[in-house]
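# A closer look at the structure
Each chain, written out:
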Amino acid sequence: MASLGLGGLSAAARRKSVPSRNAAVERRNLITVCRFSVKTLIDRSCFETIDDTSPEFNNFAAILEQILSHRLKGQITWFGYESPRSFWDYIRVACRKVSHNCICSIENMENVGSSRAKGRAWIRVALMEKHLSEYISTALRDFKTTRRFYEDGAIVLGEEANMLAGMLLGLNAIDFSFCLKGEGLDGNFPAVIDYTPYLKFTQSSDSISSDEEELRTLGSSGSEGSTPENIGPPFLTDENSWYNKCKRVEQKYRLALEQKGYLEELVRLRENQLSESVSQNKLLLQRIEDMDLAHKMEKEQLEYIIVELQDQFVFLYSCL
């Protein structure tokens, strides 16, 4: 009986752990593919302009839309039913505090009717304004609003949210060009992620060396009973090794280029924040000086009034 009870508990624990594991894997998959998508966008922007026809952008937009829609709560109607909502309902509330935001402009767009289409228009406008990371960071800081719109286990409520805001910062170095009247804003169809560009298998140099050694071993063991006619084509080790070296150098160069763009954008952002802090500090100092001057003048007036009242009191006392 004891073993049966322990078995039942372990089975219940396994059933409980399966949904949590699936949710963690889903969050990790979306964040990972988003990071890959940002890297491909940065690489592509070095050679051509990113617009609505770019498959890299369309895939990134679909990934971001699914991240912001992950475990999004439905809207409760008057009859108690839960109707689906778009991530735009969350963005337009949580991003109101962004200075010079485009929320009102997108709300007033005539050719964009549905909530999903407005969300897709917002992604494009935010990228062209180079403020997408700022929008996301501001929305995530409003934890009360985020908690109200999303269920437990959502990406925007977990540790992955900080990674999302950081990886989107590198997109500020890209000049995007979008048409806000295209088919990409059609809100009738959900966004679909194309995973195939990120599933290419690249064999490591160690694995290639192991395969070469295995082929040489097999060739030497079967050389006695083989003839020149049944020996396969030679394995081009030199060409493969040089090709792999070039690929590694290219990957290191692209990584350094991405890090350079990210750091430059981060420095620019910090310089803007520093200049804003300096200007605010100057305004506060000026306000303090004005208040000190006003207090001094008020103090002098009160002292003059006191002296005048004392003179009047002395005069009245002398008359009595």
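Placed above this text is the structure.
Because the structure is a prediction, the values reported are computed rather than measured.

The next subject is the overall build of the protein. Secondary structure summary: the protein contains 10 helices and two strands in total. Starting at the N terminus and walking to the C terminus, you meet the elements of the protein as α-α-β-β-α-α-α-α-α-α-α-α. Within the protein, buried positions represent 29% of all 320 residues. Residue pairs at least 24 apart in sequence account for 74% of intrachain contacts in the protein once pairs closer than 6 positions are excluded. As displayed, the protein has an accessible area near 22100 Å², and 58% of this comes from carbon and sulfur atoms.

Our next topic: a nonpolar patch on the surface. A cluster of nonpolar residues, L302, Y304, I305 and L309, forms a patch on the protein surface that exposes about 430 Å² of accessible area. One can find L309 in helix α10 (residues 237-319).

Our focus in this paragraph is the packing of aromatic side chains. Scanning the entire structure with this criterion turns up seven aromatic pairs. For the pair F57 and F178, a centre-to-centre distance of 4.3 Å together with 35 degrees between the ring planes defines the contact as tilted. Separated by 121 residues along the polypeptide, F57 in helix α2 (residues 55-68) and F178 in the loop between α8 (160-168) and α9 (205-221) bring together distant segments of the chain. Each member of the pair F57 and F178 is classed as buried. Each ring, one from F176 and one from F178, has its centre 5.5 Å from the other, and the planes form 20 degrees; the classification is stacked. Each member of the pair, F176 as well as F178, is classed as buried. Site record: aromatic cluster; members linked through ring pairs are F57, F176 and F178. Here the guanidinium or amino end of R124 rests over the ring plane of F178, the centre of that ring lying 6.0 Å away.

Below, the discussion takes up the state of the cysteines. All chains considered together, the criterion is met by zero disulfides. Unpaired in terms of disulfides, C102 finds its nearest cysteine sulfur in C95, a separation of 8.5 Å. Overall, C102 belongs to the buried group, its relative accessible area being 4%.

Looking at where A165 falls in the secondary structure, it is placed in helix α8. Along the sequence, A165 and I136 sit 29 residues apart, while their C-alpha atoms lie 6.1 Å from each other. For A165, the contacting residues outside a window of four places in its chain are S133, I136 and S137.

Take the pattern of salt bridges next. Going through the model one piece at a time under the given rule, you end up with 14 salt bridges. Sharing partners across several salt bridges, the network here consists of R85, D89, R92, E107 and K118.

The phi torsion at R71 lies on the positive side, around 55 degrees, for a residue other than glycine. Taking the relative accessible area as the measure of exposure, R71 reaches 38% and is therefore partly exposed.

Moving on, we get to the side chain of E160. For E160, the position within the fold is in helix α8. On the accessibility criterion, E160 (16% relative accessible area) is buried. When sequence neighbours within four positions are dropped, the list of residues in contact with E160 reads R27, I31 and I155.

What follows deals with the nonpolar core. Ranked by internal contacts, the top residues of the largest apolar core, which has 60 residues, are F60, W122, L132, Y150, L168 and L171. Looking at this core, the elements with two or more residues in it are α1 (2-45), α2, α3 (87-94), α4 (103-107), α5 (115-129), α6 (132-141) and α8. By residue number, the principal contributor to this core is α2, which donates eight residues. Ignoring sequence-local partners within four residues, the contact set of L132 consists of F60, L64, W122, A126, L127, L168, L171 and N172.

The next thing to look at is the packing of α6 against α8. Running from amino to carboxyl end, α6 crosses α8 at an angle of 160 degrees, the nearest separation of the two axes being 8 Å. Considering their axes alone, α6 and α8 lie roughly antiparallel with respect to each other. You can see that α6 and α8 cross each other, and the crossing is left-handed. Contacts between α6 and α8 involve L132, S133, I136, S137 and L140 from the first element and A161, L164, A165 and L168 from the second. For the contact of α6 with α8, a count of residues per class yields seven nonpolar, two polar and no charged.

Helix packing for two helices is described by the angle between their axes and how far apart those axes are. Between α3 and α5, the least distance of the axes is 8 Å, while the angle of their chain directions is 55 degrees. Comparing the axis directions of α3 and α5 gives the class oblique. For α3 against α5, the interelement crossing comes out left-handed. Counting all contacts with α3, which are made through F87, W88, D89 and I91, the residues of α5 involved are S115, K118, G119, R120, W122 and I123. Looking at the contact of α3 with α5 residue by residue, the class counts come to five nonpolar, two polar and three charged.

Each value, and the rule that gives it
- Residues numbered from 1 in each chain as written.
- Predicted model: local features only at pLDDT ≥ 70, side-chain atom pairs only at ≥ 80, totals over all residues.
- Heavy atoms only, no water.
- Helix = DSSP H or I, 4+ residues; strand = E, 2+ residues; numbered from the N terminus.
- Buried < 20%, exposed > 50% of the residue type's maximum accessible area, 1.4 Å probe, protein only.
- Contact = heavy atoms within 4.5 Å.
- Areas by Shrake-Rupley, 256 points an atom, 1.4 Å probe, with all protein chains shown as cover.
- Patch = residues over 30% accessible without salt bridge, like charges linked within 9 Å, V, L, I, M, F, W, Y side chains within 5 Å.
- Salt bridge = Lys/Arg side-chain N within 4 Å of Asp/Glu carboxyl O.
- Phe/Tyr/Trp six-rings, centres within 6.5 Å; stacked < 30°, edge-to-face > 60°.
- Lys NZ or Arg CZ within 6 Å of the ring centre and 35° of its normal.
- Disulfide = S-S within 2.5 Å.
- Core = buried A, V, L, I, M, F, W, Y, C linked by side-chain atoms within 4.5 Å.
- Axes fitted to C-alpha atoms, helices over the stretch in contact; angles between N-to-C directions.
- Parallel < 35°, antiparallel > 145°, perpendicular 65-115°, else oblique.
- Left-handed = near helix turned anticlockwise from the far one by under 90°.
- Nonpolar A, V, L, I, M, F, W, Y, C, P; charged D, E, K, R; others polar.

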